[in-house]
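Report on the structure
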Amino acid sequence: MAHAVFSLVLNHLATLLREEGSLLGGLRQEVQYFMVELWHQKAFVKVAEAKEDDDDPRLQEWIKQVREAAYDIEDVLDEFVLRFAGYRHHGFCVSLQRILKASKSLRARDQVASEIQSIKSRIKSISELSQRCQVEFDRVTGSSTMNDSWRYSRDDALLLEEAKLVGIDQPKQHLISKLLERDDHQLKVISVVGMAGVGKTTLVKKVHEDPYVRKNFPVRAWVTVSQTCDFPKFLRDLIWQLHKEVNKSVPQFIESMTTAELKEFVKDFLQKAGRYAIVFDDVWNVEFWNEIKSALPEGNYGNRVMLTTRKADVASASCTESQDYVYKMELLSIEDSWTLFCNRIFKGNRCPDHLMDVAKTVLDKCERLPLAIVAISGLLASKDMSRIDEWEIVQHSLGDELEGISKIEGVKRILFLSYNDLPSHLRPCLLYLSIYPEDYLIECSTLIPLWIAERFVEWREGMSIEDVAWGYLGELIRRSLIQVTEVFYEGSPYTCRIHNLLREAILIKSREQNMVTVTTGQPMMWPSEKVRRLAIHSSSNSSNIQYHQQRQLYSFEHLRSFITVSSTNPLLSKTFLSEVLRSSKLLKVLDLKGEEIEETPNEIFNLLHLTYLNLYGTKVARVPRAIGKLQHLEYLNLGNTGVRELPVEILKLLKLRHLVVVAAVDPLDDDCGYYGFKGPSELGGLLALQTLNTIDASRGSIIVKEIGKLTQLRELYITQLIREDGKELCSSLVNLTSLRELRVDSVGKGDDYGIIDLNHHQHSLSSSSSCLFLQSLRVLLMCGRLETMPVWITHLQNLVRIDMTWSGLRAEEDPLESLQHLPNLDAISFCGSYHGERLRFKAGGFLKLKRLWLRRMEGLKWMKVEEGACPNLQRLILDRLPLLEDLPLGIQHLSYLQKLYLYEMSSRIMEKVKNQEEESEDYRRMTHIPEIVIGFYAHDGEWRIHRLWG
């Protein structure tokens, strides 16, 4: 992590030189000196951190020293900028030399210079120590100690084999069938991918040793691939296993062979040996597969290779041929988790009643992860079952950390293997997830700006910083460290989470590295060290945070981030918050989402380094003019507050990239639209804006025109449009070549919405420039009446989602005609969008459509899906279509349909579906759908859900 800290500080120093160079004056040389020294130390830190878990106290102390020195460099320079930034805020256009003539400025500069000299002295001592230690650490790094640690962890993983893992029979038979599929002309690769401890090795071992598999593959081998794979040694191990399998002695001369010769030897052996099945267990990188595949002959015997990996990119890279197969290993079901747990402790017998509650609580902590269940159940099996207190001790020790319980140390080591394999730029991103409580669903669109504000994300040439951050998230998902819980459109992650045991493991790392401090606000939990990032979680036992009594133990002077997650008043008292903000002058991230705050604390406007401010869901109703002082602010979220107008001082925030001020008109009904904010007429001066959500256009066309100046916009939500704004809006949209999401709402509510006229661009569709109009657009949301369907929509080749709400198109304006051939359309939502009686999905249309939601279309009586239409549709929602007489004709053609929802439908359809007459045609049309859900209001007025099946 110190290596990651160095990267963060180096990036910060480079930014400081670029943006504050003139203010630094003579200190530029000091900053450059620090950058050179940190670069020299960075490489050795990376090597040393690989051995940090070897419990060498000298090494751990050295890493701590360099990490704290890097942090202190960042602090002292930010303090310097903070002290002199005020001159710019007061309009003084003077040089640094004139500033420093003031006695106060001289004293401040002397103090900074003294602090810098102190840090330089520390850096020099650290550098001398690293030079003395480097020879020793170079000698042992990568030696048997690291490999022994790895082997120990693999042995722990194989405990699952001894446990007779439950729930394995079905996936085992599935993989055997894939393995034995007849394809005798090409090598077939099967990759099993999943998070650490999920049972990949156990499953593949069961498949590999199955008698029928052994019979079909006379030549077999199993080789485990280490995290630091010695490839020549690996090849010799493989050769040894292959010779043992066919009862041949291993030639001695392989010890002197080069890597190329060893690969050729393996290939020649396998070509002569016949049909083979080889397992490569725990593969860590694509480079390994690229190396080994040239040693694997395809032949014509139906050869097979299986590999296990934690990384999706390894699985996909190894499975590039059409007959290859990737199997994603899932967590155990709740039922199988309980069975495994009881089998290990009670030998298949029933759990005693007096232990039932504590057993379920402990099992919940394992979160269906087999390795954790095996380890913890093994611990409990050693306890006296007649004494519930012994079990409760284990339960309470599984709180927020894994340390101190020897039986589950192996779980921690296995999880840390994945952490240690991360590149330095991803480590802080993963550790940062410790800000979230157990079982918390993380909104990806909220996490990404936080990573950016924390400066975890590096700029890359030709890419926006947001796209780089999304790439980081994708990499952590592919490494099975983050689980996607809900997808948005086109498969992009919407919410995610981390396994609770992984969370507890990274809490340990985060605390060790002083990355994030997590507390529920109870006084006994306040740490005494310098805190850089503080996350406060709610606690049912917490009262107001008692800060003053603990003041001598707790310092906010170094605080860079203050985040509340799922916390509620009275957890966060006004006095405590005021004290934190007053003393945290270097704060960059302030997230008070959902707090019971009625006005913006004045102390916020003295936080001149602040880059991220989230007041979403608070009771704030006004933004003071002092907002203009926060000139480093990049992210401002005032969503779901009472704010309806922003002062003109918002125009001073020239670095602002994301501005969110939106609230639902009716929180219980999304179809009623959203409130936006009224902004100053010169809004087009905020040239860095990428997100503008939601601007109120009721002040006239000047606002609509100003939007055309915001050429960096990627998301634009605009409301309160009138018909006359249409032409100006289309003219502005021509300039927004990076726009990905667009929502336009007209004046009004429900079916009384005014008209949105968006056809003013159609006259230029034949020109060359028309090909570029909104071509980057991926999401289009329109709320308001349309006289006609905008012609340009048919040209949006990258559109993946379209919502049309209260469009009220006439019968002759069938929206399906305009949309059916859009090549990437993934999701459609129509609400009150069409007055016609019929909808026909024609053959060959909507080839990529996966989700279709039709609601409040009161005139719709008949639907038909032709064979070949919507071939990939997975979810169909029919909602409040009172005149629809029957299920869609041709619904049986939707072979990939997974879920059918019927909400408040006509009584005729409801009766047909509920009756389930197995001999009826209607029933046969539905049998291929795995899940059918009916929603309706019962006689007592309560909303009821009836699951027909699934």
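Source: prediction; values computed, not measured.

Quick look at the overall build of the protein now. Along the protein, the regular secondary structure elements total 29 helices and 30 strands. In the protein, which comprises 950 residues, the share counted as buried stands at 55%. Within the protein, residue pairs in contact and separated by at least 24 positions form 65% of the contacts whose partners lie at least 6 positions apart.

So, about the packing of helix H8 (residues 169–180) against helix H9 (residues 200–208). Geometrically, a packed helix pair is captured by the angle between its two axes and the distance between the axes. For the pair H8 and H9, the least separation of the axes is 9 Å and the interaxial angle reads 55°. One element, H8, and the other, H9, form an angle in the oblique class. Helix-helix and strand crossings are classified by hand; for H8 and H9 the assignment is right-handed. Along the contact surface, H8 presents Pro171, Lys172, Leu175, Ile176 and Leu179, while H9 presents Leu203, Lys206 and Val207. Looking at side-chain class alone, the contact of H8 with H9 contains 6 nonpolar, no polar and 2 charged residues.

Right, let's get into the nonpolar core. Core analysis: the largest hydrophobic core is formed by 110 residues, its most contacted members being Phe562, Leu692, Leu716, Leu780, Ile802 and Leu819. By residue number, the principal contributor to this core is helix H24 (residues 574–583), which donates 4 residues. When neighbours within four sequence positions are excluded, Leu716 is seen to be in contact with Leu692, Ile695, Ile707, Leu733, Leu736, Leu739, Glu741, Leu742 and Arg743. Listed in part, the 90 residues of the second largest apolar core include Ile168, Met195, Val358 and Val362.

Applying the stated criterion to the full structure yields 33 salt bridges. The shortest N-O distance in the salt bridge between Glu466 and Arg657 comes to 3.1 Å. In this pair, Glu466 is assigned in helix H22 (residues 465–478) and Arg657 in the loop between strand S14 (635–637) and strand S15 (658–660), connecting sequence segments 191 residues apart. The class of Glu466 is buried, set by a relative accessible area of 5%. With relative accessibility at 10%, the residue Arg657 sits in the buried group. Within this structure, Arg455, Glu466, Glu634 and Arg657 form a network of salt bridges that share partners.

Taking burial as the measure, the 6 residues of strand S20 (residues 741–746) include 6 buried ones, the bulk of the element. Covered by surrounding structure in S20 are Glu741, Arg743 and Asp745 together with Leu742, Val744 and Ser746, the residues of both alternating faces. Pairing geometry for strand S19 (residues 715–721) and S20, over 5 bridges, is parallel. Across the sheet, residue Glu715 finds its bridge partner in S20, namely Glu741. With 5 bridges joining them, S20 and strand S21 (residues 779–783) adopt parallel strand pairing. By the bridge assignment for S21, Arg743 is matched with Leu781.

Its 12 residues place the ends of H8 16 Å apart at the C-alpha level, agreeing with the 16 Å of an ideal helix rising 1.5 Å per residue. Within the span of H8, buried status applies to Pro171, Lys172, Leu175, Ile176, Lys178, Leu179 and Leu180. Buried residues along H8 sit against strand S1 (188–193), H9, helix H10 (211–216), strand S4 (304–309) and strand S5 (325–328).

Next up on the list: unusual backbone geometry. Here the residue pair Asn693 and Thr694 is connected by a cis peptide bond, since its omega of 5° sits within 30 degrees of zero. Of note in the backbone geometry, Leu774 takes a positive phi value of approximately 55° without being a glycine. In this structure, Leu774 sits in the loop between S20 and S21. You can call Leu774 buried: its relative accessible area is 1%. One non-glycine residue, Arg856, adopts positive backbone phi at about 50°. The topology assignment puts Arg856 in the loop between strand S25 (851–855) and strand S26 (862–865).

Inspection of the secondary structure assignment puts Pro428 in helix H20 (residues 427–431). Distance in space between the C-alpha atoms of Pro428 and Trp451 is 8.9 Å, their sequence separation being 23 residues.

Turning our eyes to something else, we now look at the packing of aromatic side chains. Summed over all chains, the structure comprises 14 aromatic pairs. Ring geometry for Phe280 and Phe288: centres 5.6 Å apart, planes at 80°, overall edge-to-face. Since its relative accessible area comes to 0%, Phe280 is described here as buried. Aromatic pair Phe773 and Trp792: ring centres 5.4 Å apart, planes at 80°, arrangement edge-to-face. Remark: Trp792 occurs in the loop between S21 and strand S22 (801–805) and Phe773 occurs in the loop between S20 and S21; sequence separation between them is 19 residues.

Below, the discussion takes up the sheet that holds S1. The strand order across the open sheet formed by 5 strands is S2-S3-S4-S1-S5, and the pairing between neighbours is parallel. What marks the edges here is a single partner per strand, and that holds for strand S2 (219–224) and S5. With strand direction ignored, the average angle separating the axes of adjacent strands in the sheet is 15°. Across the sheet, helix H11 (residues 231–245) is in contact with S2 and strand S3 (276–283); its angle to S2 comes to roughly 150°.

The next point concerns the confidence of the model for the protein. Residues at a pLDDT of 70 or more form 77% of the protein, whose mean pLDDT is 79. Overall, residues 87–103 carries pLDDT values under 50, and its contacts beyond four positions in sequence, including any with other chains, amount to 21 contacts. In the model, residues 140–159 has pLDDT below 50 throughout and makes 32 contacts with residues more than four positions away in sequence or in other chains.

Before going further, it helps to spend a moment on the pairing of strand S24 (residues 838–841). Across the two faces of S24 the burial differs, with Leu839 and Phe841 buried and Arg838 and Arg840 not buried at all. Sheet topology note: the S24/S26 ladder contains 4 bridges and is parallel. In the strand pairing of S26, Arg840 is matched with Lys864.

Cut-off values and rules
Residues numbered from 1 in each chain as written. Predicted model: local features only at pLDDT ≥ 70, side-chain atom pairs only at ≥ 80, totals over all residues. Heavy atoms only, no water. Helix = DSSP H or I, 4+ residues; strand = E, 2+ residues; numbered from the N terminus. Buried < 20%, exposed > 50% of the residue type's maximum accessible area, 1.4 Å probe, protein only. Contact = heavy atoms within 4.5 Å. Axes fitted to C-alpha atoms, helices over the stretch in contact; angles between N-to-C directions. Parallel < 35°, antiparallel > 145°, perpendicular 65-115°, else oblique. Left-handed = near helix turned anticlockwise from the far one by under 90°. Nonpolar A, V, L, I, M, F, W, Y, C, P; charged D, E, K, R; others polar. Core = buried A, V, L, I, M, F, W, Y, C linked by side-chain atoms within 4.5 Å. Salt bridge = Lys/Arg side-chain N within 4 Å of Asp/Glu carboxyl O. Pairing = 2+ DSSP bridges. Expected span 1.5 Å × (residues − 1). Phe/Tyr/Trp six-rings, centres within 6.5 Å; stacked < 30°, edge-to-face > 60°. pLDDT = per-residue confidence, 0-100.

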